[in-house]
Amino acid sequence: QVHLLESGGALVQPGGSLRLSCAASGSIASIYVMGWYRQAPGKQRELVAVMPTGGIPTYAGSVKGRFTISTDNARNTQYLQMNNLKPEDTAVYYCNAALSLVGSRIPHNYWGRGTQVNVSS
């Protein structure tokens, strides 16, 4: 069994910063890709940032230059540093990982339950 646990969501004023964390736990053999998606009320879930293990991150155009993704591979934890937050960043942020379990090389996709980010004055 694999769990992705997000944390760090909060209410913040426009222009403020937050750091989200996603910790992956369980019988994990390899993590291939980890990233963040978000879903605002009434909208579809969208990509925020994603980074292959040992690779280069990809950012949505709306967050490029403001958000930074980083990974602590030893702890199977990924971070999303969000600066200069805007009201339109308000959403539930979900962690996503493509990984394989111990004893298997087949990657599967996993989601966390999400953490709420509210940007409002």
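Residue numbers run consecutively from 1 along every chain, following the written order of its sequence. Thresholds applied to this predicted model are a pLDDT of at least 70 for local features of residues and 80 or more for the giving and counting of side-chain atom pairs; totals over whole chains, interfaces and linings are not thresholded and use all residues. Water and hydrogen atoms were dropped before computing side-chain values, which therefore reflect all heavy atoms in the structure.

> What should I look at first to understand the overall build of the protein in this one?
Put simply, DSSP marks the helices as runs of H or I at least four residues long and the strands as runs of E at least two long, and each gets a number from the N terminus on. What the protein contains, in helices and strands, is zero helices and eleven strands. Written out in order from the N terminus, the α and β elements of the protein read β-β-β-β-β-β-β-β-β-β-β. Atoms considered for the radius of gyration are the C-alpha atoms alone. The globule rule reads 2.2 Å times the number of residues to the power 0.38. The C-alpha radius of gyration computed for the protein amounts to 14 Å, which stays within 12% of the reference 14 Å derived for 121 residues, consistent with globular compactness. Judged by the C-alpha coordinates and their principal axes, the protein covers about 50 × 25 × 25 Å. A 1.4 Å probe rolled over the protein chains alone gives each residue an accessible area, and that area as a share of the maximum for its type sets the label: buried under 20%, exposed over 50%, partly exposed in between. Residues counted as buried form 40% of the 121 residues belonging to the protein.

> Explain the environment of glutamate 6 here, please?
Relative to the helices and strands, glutamate 6 is located in strand β1 (residues 2–7). Residue glutamate 6 is classed as buried on the basis of its relative accessible area of 9%. Along the chain, glutamate 6 and cysteine 95 lie 89 residues apart, while their C-alpha atoms are 6.6 Å from each other. Polar contacts here mean pairs of N or O atoms no more than 3.5 Å apart (in protein, one a potential hydrogen donor and the other a potential acceptor; neighbouring residues in sequence count only if both atoms are side-chain atoms). In terms of polar contacts, glutamate 6 uses its side chain to reach the backbone amide nitrogen of cysteine 95, at 2.8 Å. Among the polar contacts listed, one links the side chain of glutamate 6 to the backbone nitrogen of glycine 114, at a separation of 2.9 Å.

> For this particular structure, what's the right way to read the sheet that holds strand β3 (residues 18–26)?
Note: strands within a sheet are paired through backbone hydrogen bonds, in either parallel or antiparallel orientation. Strands sit in the order β1-β3-β8-β7 across an open sheet of four strands; the sheet is antiparallel. Both edges of this open sheet fall to β1 and β7 (67–72), since each of them pairs with a single strand only. Between one strand axis and the next, the sheet turns through 15 degrees on average, direction left out of account. Following DSSP output, two strands are said to pair if at least two bridges run between them. Relative to strand β8 (residues 77–82), β3 runs antiparallel, the two being bridged by six bridges. Counterpart to alanine 23 in the pairing with β8 is threonine 77. What counts as an axis is a line fitted to C-alpha atoms, over the stretch in contact for a helix, and the angles between N-to-C directions run from 0 to 180 degrees.

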